[in-house]
Amino acid sequence: GLCAAKGEIVGWLCSDDLLLLGALHAVGRAFATHDGINWLAGACRMIAADGSPLHTIKPTHCFDLSDVLLRSDDKPFNLPQPAVFWRRRLHEWVGLLDETRHYCMDFEFWLRLLAHQQRPHVIEDELAAYRLHDQSKTCSQRLGFVREHIEIEAHYARDLPWRERLTMQRRL
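Described in the following lines is the structure provided in the data block. As the structure is a prediction and not an experimental result, all values here were calculated from the model.

### As for the pattern of salt bridges
Pairing between side chains becomes possible if they bear opposite charge and their charged atoms approach one another. Taken as a whole and assessed by the stated rule, the structure comprises 9 salt bridges. Taking the shortest distance from any N to any O, the salt bridge between R45 and E126 comes out at 2.6 Å. With R45 in strand β3 (residues 39–47) and E126 in strand β6 (residues 121–131), the pair connects residues that are 81 residues apart, well separated along the chain. Judged by relative accessible area, R45 falls into the partly exposed class, the value being 28%. Among the ionic contacts, a cluster of salt bridges with common partners joins D98, R101 and E151.

The following block contains the structure:
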């Protein structure tokens, strides 16, 4: 896993996902030309079980912890996991993925980075494909995702100023 990663730039793919042609070149170019970035997010193509394209999720530019936690349907937070990469030193600093999380370890990691004042650099390139099918956790276990999302949000809400914390508690 990530513990064994020796390269400077890391990311991960789940078994049903894939990188698109040119993705690693685009990621390398972005890190090479933007010296100050520690992590980046690109777009991710959602595909059906047979590989046919469904739609593309673009990363949002909502990168303040309070904005993410207090987001609304008209201002969502999207960082599609297969299209996110970071410098290894970042997880050496803030810790690896929380493997006690079964559904949302990516979301928890993104919030942890934001809580450490790390903001992702967004690129428009479509980097990865995320496969949706009936047996995937995303499609078959939605309630688990919702519960874990709420737990993670409640945990990070403790870092908000009291007025925002109150607003967040009312939403949960």
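### Regarding the pairing of β6
In this sheet, β6 lies alongside strand β2 (residues 18–19) in antiparallel orientation, the contact comprising 2 bridges. Paired with L18 across the bridge in β6 is A129. Pairing geometry for β3 and β6, over 7 bridges, is parallel. Note on β6: the bridge partner recorded for L40 is H121.

### Focus: the pairing of strand β4 (residues 53–57)
When β3 meets β4, the two strands line up antiparallel, connected through 4 bridges. Bridge pairing in β4 places M46 opposite H55. Hairpin remark: β3 followed by β4, antiparallel, with 5 residues in the connecting loop; positive phi at G51, about 90°.

### What to know about the state of the cysteines
Inspection of the entire model under this criterion finds 0 disulfides. Just so you know, C14 is unpaired, no disulfide at all, and the nearest cysteine sulfur is the one on C44, 10 Å from it. On the accessibility criterion, C14 (37% relative accessible area) is partly exposed.

### Quick notes on the nonpolar core
W39, F77, L79, W86, W110, L111 and L114 are the most contacted members of the largest nonpolar core, which has 30 residues in total. Sorting the residues of this core by element identifies β3, α2 (65–69), β5 (84–87), α3 (88–94), α4 (105–115) and α6 (142–157) as the ones contributing at least two each. It is α4 that provides the largest number of residues to this core, a total of 6 residues. Here W86 is in contact with L2, E8, I9, V10, G11, W12, F31, N38, W39, H91, F109 and W110, once residues within four sequence places are set aside.

### Examining the packing of aromatic side chains
Counting across every chain of the model gives 7 aromatic pairs. Between W86 and F109, the aromatic rings sit 5.0 Å apart at their centres with planes inclined by 50°, giving tilted as the arrangement. Of this pair, W86 sits in strand β5 while F109 is found in helix α4, placing the two residues 23 residues apart along the sequence. Across this residue pair, the class does not change: W86 and F109 are buried. One aromatic cluster in this structure is built from W12, W39, W86, F109 and W110.

Reading the values: the criteria
Residues numbered from 1 in each chain as written. Predicted model: local features only at pLDDT ≥ 70, side-chain atom pairs only at ≥ 80, totals over all residues. Heavy atoms only, no water. Salt bridge = Lys/Arg side-chain N within 4 Å of Asp/Glu carboxyl O. Helix = DSSP H or I, 4+ residues; strand = E, 2+ residues; numbered from the N terminus. Buried < 20%, exposed > 50% of the residue type's maximum accessible area, 1.4 Å probe, protein only. Pairing = 2+ DSSP bridges. Disulfide = S-S within 2.5 Å. Core = buried A, V, L, I, M, F, W, Y, C linked by side-chain atoms within 4.5 Å. Contact = heavy atoms within 4.5 Å. Phe/Tyr/Trp six-rings, centres within 6.5 Å; stacked < 30°, edge-to-face > 60°.

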